[in-house]
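Next come the chains, spelled out residue by residue.
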Amino acid sequence: MPLRKTLCLLTLCTWLASAAELDYSYFLRTLTDLDRLRILDEGVTCKQFSSYDRASKYDEKTDKYLNWGANGDSGHYIRAEPNGEAVMAEMEGPGCIVRIWSANPTGRIRFYLDGDAKPTYEWPFADLFHDKVPPFKPPVCGMDGAGANIYLPIPYAKSCKVAADKAHRQYYHIGYKTFPKTTAVTTFRLPLSEGEQKELDRVITTWKAPDPAWDGPIASAELPVGKPVTLFDEEGPRTIVRFYAKLVSDERYALRRVVLRMYWDGEESPSVECPLGDFFGTGFFASKYESLPLDMGPEGGYCRWRMPFQKKGRIVVINEGAKPAKLDYAVFKQAEPPKPTAACFHAKWRREDPCKTFDYPILECEGKGRFVGCMLNVDNPDQGWWGEGDEKVYVDGEKFPSTFGTGSEDYFGDAWGFRHFVRPFHGNTLGQGPGFSNKWSVYRWHISDDIPFEKSFRITIENYGKDKDYSSVAYWYQAEPHKDFFTSVPVEGRIPRPKVTPGVVEAETLKVEGATVVDDAGAMDEFSSGKALVLKGKAGQSIELPVPVAQDDVYAIVLYGAKGEAHSPFELAIGDRTVGKGDNAFAKSALFRVGKARLAKGEAKLALKLAGEGSLVLDALRLEPSRKERGVIEAESLPVTATNGPKAEVEDIRLPWSADSQLLLPATEAGQSLTVALPVKAAGRHALTARFTRGPDHGQVQALVGDKPIGDPVDCFAARPEVGIVVSLGKVDLTPEANAVTFKVVGKNEKSTGFRVGIDYVRLGRIVVEGAIEAEKLPVVASDGGRGDTQHMGSFGANQWSGEAQLFFTPKAKGAYVTVELTVPKDGRYDLDLYYTKAGDYGIVQLSLDGKPVGKPFDGFNNGVIPSGKVPYGAVELKAGKHQLKLEVVGRNDASTGFYAGVDCLALTPSSR
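Because the structure is predicted, anything quoted here is derived from the model rather than measured. Every chain is numbered on its own, with residues counted from 1 as its sequence reads. It should be noted that, the model being predicted, local features are given only for residues of pLDDT at least 70 and side-chain atom pairs only at 80 or more, the latter also being counted only at that level, while totals for whole chains, interfaces and linings use all residues. Each side-chain value is derived from all of the structure's non-hydrogen atoms; neither hydrogens nor water enter the calculation.

(A) Fine view of the nonpolar core. Take the buried Ala, Val, Leu, Ile, Met, Phe, Trp, Tyr and Cys residues and link them wherever side-chain atoms come within 4.5 Å; each set so joined is a nonpolar core. Think of it in three bands: with a 1.4 Å probe and only protein chains considered, a residue is buried below 20% of the maximum accessible area for its type, exposed above 50%, and partly exposed in between. Membership of the largest hydrophobic core comes to 93 residues, with the highest contact counts inside it found for Ile97, Leu152, Phe243, Phe279, Trp305 and Tyr475. If we skip the residues at most four places from it in the chain, Leu152 touches Tyr24, Leu28, Ile97, Pro135, Phe136, Val140, Cys141, Phe188 and Leu200. Within the second largest apolar cluster, 35 residues are counted, among which are Cys365, Phe371, Leu376 and Trp476. Contact definition: two residues touch when any of their heavy atoms are within 4.5 Å.

(B) Expanded view of the pairing of strand β25 (residues 312-319). Taken across its eight residues, β25 has six buried, putting it largely inside the fold. A strand pair is defined by DSSP finding two or more bridges across the two strands. Secondary structure is summarised from DSSP: a helix means a run of H or I of at least four residues, a strand means a run of E of at least two, and numbering begins at the N terminus for each. As paired strands, strand β17 (residues 228-235) and β25 are joined by seven bridges and run antiparallel to one another. Bridging from a neighbouring strand, Thr230 pairs with Val316 of β25. Sheet analysis places strand β19 (residues 258-264) next to β25, joined by seven bridges and oriented antiparallel. Directly across from Tyr263, in β25, lies its bridge partner Arg314.

(C) View of the environment of Phe179. You can see Phe179 is positioned in the loop between β14 (172-178) and β15 (184-185). Classification of Phe179 by relative accessible area gives buried; the value is 10%. Considering only alpha carbons, one finds Phe179 and Asp833, 654 residues apart in sequence, at a separation of 55 Å. When near neighbours in sequence (up to four residues on either side) are disregarded, Phe179 contacts Leu22, Phe27, Gly43, Val44, Pro94, Gly95, Cys96 and Val185.

(D) Looking closely at the sheet that holds strand β47 (residues 602-610). Strand order in the open sheet formed by four strands is β42-β47-β44-β45, and the pairing between neighbours is antiparallel. Strands at the two margins of the open sheet, each flanked by one partner only, are β42 (542-549) and β45 (577-582). Geometrically, the sheet is characterised by an average inter-axis angle of 25° between neighbouring strands, direction not taken into account. Sheet analysis places strand β44 (residues 570-574) next to β47, joined by five bridges and oriented antiparallel. By the bridge assignment, Ala573 is partnered in β47 with Ala607. With axes taken as lines fitted to C-alpha atoms, and helix axes fitted only over the stretch in contact, angles between N-to-C directions fall between 0 and 180 degrees.

(E) Region of the structure containing the packing of aromatic side chains. Pairing of aromatic rings covers Phe, Tyr and the six-membered ring of Trp, with a centre-to-centre limit of 6.5 Å; geometry is then stacked below 30 degrees between planes, edge-to-face above 60, and tilted otherwise. Under the defined criterion, the tally for this structure stands at 57 aromatic pairs. Between Phe284 and Phe285 the ring centres are 6.3 Å apart and the planes differ by 50°, which places this aromatic pair in the tilted class. With a centroid separation of 5.4 Å and an interplanar angle of 65°, the aromatic rings of Phe345 and Tyr477 are classed as edge-to-face. Here Phe345, found in strand β27 (residues 344-355), pairs with Tyr477, found in strand β37 (residues 468-478); they are 132 residues apart in sequence, far enough to count as distant.

(F) How the structure looks around unusual backbone geometry. A cis amide bond links Pro134 with the next residue in sequence, Pro135, at an omega value of 5°. The residue Pro135 is located in the loop between β9 (121-124) and β10 (141-144) in this model. Note that the residue after Pro138, namely Pro139, is joined by a cis bond; omega there is 0°. Along the chain, Pro139 falls in the loop between β9 and β10.

(G) Spotlight on the sheet that holds strand β38 (residues 483-484). The antiparallel open sheet is built from five strands, whose spatial order is β31-β30-β36-β28-β38. The sheet terminates laterally at β31 (403-404) and β38, the two strands that pair on one side only.

(H) The arrangement of the pairing of strand β6 (residues 86-92) in detail. Burial of β6 is extensive: five of the seven residues sit out of reach of the surface. Taken together, strand β5 (residues 79-80) and the strand that follows it, β6, pair antiparallel across an intervening segment of five residues, in which Gly84 is found at a positive phi of about 95°. Here six bridges tie β6 to strand β13 (residues 159-164), and the two strands are oriented antiparallel to one another. For Ala89, the partnering residue across the bridge sits in β13 and is Val162.

(I) Structural view of helix α3 (residues 194-208). Helix length check: α3, at 15 residues, gives a terminal C-alpha distance of 21 Å against a target of 21 Å (1.5 Å per residue), a fit within 8%. Turning to α3, its buried residues number three or more, namely Glu196, Glu199, Leu200, Val203, Ile204 and Trp207. The buried residues of α3 all sit within an arc of 140° when viewed along its axis, so they share a single face. Opposite the packed face of α3, turned more than 90 degrees from it, sit the exposed residues Glu194, Lys198, Thr205 and Lys208. Considering only its buried residues, α3 is in contact with α2 (24-29). Take the residue count of a helix, subtract one, and multiply by 1.5 Å to get its expected span. Here, the arc refers to the directions that run from the helix axis to the C-beta atoms.

Next up, the structure:
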């Protein structure tokens, strides 16, 4: 046998032998081992349990997907155990948990390994992400944005069950690998051995600094327009272990105009075909970040994906822009014996603009290989949330995905939206905003949780919009023969959309005397809508900016300019009040927050005064309305019907009030007061609360209806000015006509220097049911087929509902249920009454108490949204403690269009029956 083949077989046999005995150090090494990914596994799978909405199903009879957009992705478990545990995952071994994620890691998590009857390990779930439980150490375990991520491997030889101590409405993912039955896996045991701890320490050190430095020679290549340039062309067998590239160009979006192609072993079509910037994981721009396989920084992009070839490797770039460019680059490779099981590296880019596909495909391919990650770019034309998309992975022709996620940000390691963060395995490198608008780039690498496939692979991510620009890069290894669904995209199809900043006033639309309009042609940075206004003048000159204002409010004034350019210093004023100053406003950012001011509906005259010679390039202006507490009545908006003493006035901005304002009574002595008229919509009994300002010169205030005090006096003294806590003033009977409340100064704290009274807001809640238990405030402990949330009833006449809100259950089909937990203070016999909501898309529901049906099914249908009034369920015997109320959808009225349900409140009153 030739020596070369002997070495090859020895290498392969050694690898197979080591792979068949997987100790804990092996699993720790997978957290940093990029070399392992190029050698394809035999008989290994990677799947995921999650809390995805179980209403999404595949019907084998019709070959159709049902409720495929169901989005109630929390609180779903495999089953509930007799002891109340909620089973999250259950696997037969040998295997290993490779990733755990949650948006709300509440309660306790239990791991049953190898059939243990009692939990092998049990911890408070949240402690695993906060460096409280060795060896769950950051950054391998921790909070990324608002997402809780664990990549510490938890292997098991025979089996594994993961359970929550009870149902917690959790969002969760548990990714796991399963190995061939002959594989010997060492089960996770604590504490770690000395050798295992050293290996974990090495992983943590590598994760904190993945070594982006380039220590070899760097070459340069001129990139003429339209001509391919070969960077690398060598015989194998070799493996490229590092690739570095830095593009030098003064053309906008040059990183999208230059295409990178890599060819292995004489293939005619490239295995790698990407815009240069996207290949390095940064999407639209060269956003700085550092991950395990890829980096991007001012010095260029670094790639550490292993790229083996047996016969020949070739790397080519082509500049399809309008201007010549230059590329600094380096390729570091190593010679090695050929590996029969080694696969070729692939990375390809695609785009849909606008994306109207619900399940946007990131990769579809045929053959044998493993998926190792992706990056996703989204350009969103509005400020709304775009990321409500579940990832779905189909391996080897699966009809139902073996990985079914719970949201775009969840897949990329965050939760409840995206924030900027950078980690070795996942991150968010770009998020422009405002809100979730404009350009976003995120990445997720599957290094220890790579997904092998034998015949085919498909991964998609949901897109609920019709107007977004989606583009992505898929990274995978694959053996020959291979086939994928990608097609080459011409340069005009790669250039991002022109920049449009939603919700702004475009500066070029303003009628400003002496100003000129310029466009961004030829500039590296874009202006919103492609144009900007150039303001010129002498030092001290004031330029009037007439800005439209939608409604009276306190606004934060934001200016957008030309980033990095030298501008004249300026001041911005409204009347005789200076809002803010900008000495070097746009040096580091195109956005500059000037300050806050109250503006009246109509047209505001903003005076921009140049403080020095020169000009100011103004792209756009944004007026951001004040932040307001939900469901409150702003005190400054109330009609003041009477005062005793100084005149009441509105004060803005000084403290973080709701709506940035308060109603101020500048009282000078006890006995002074102001009276306001409350917006009472219906006669009845109301609960009144208020939030007052506290300070060193504030007095003690008493609320009154007529001459009757409501509640106790409130001491508003504090050593420093502050927004006080919300104070319950008591219950009052009010009508639309008799709606006056007086706030009277009755004294002052001995430490106070004055009698002032500031009212931030009041809250008025109609008492529909005395002693009501608000359904929306009860803990949801289980649900299936839908999601139970709080719905505020403001758009339906909130004062008709107790607490102005309800528990809103949103199932899509019969059989769905939601269970809430009710705490009873003492043993007794109680009359149980429920108060529902009725509407045109509500179903028929059956109430159960502690697992037993009570009463008859309730039909929630009505043409229009109304409260049901009292629905009595009779007398029930209850022990002190916790009880469960289950609301199950058992059907719907023929006239109803849906299966929704709403519970306003319930009442438990001692029964006389």
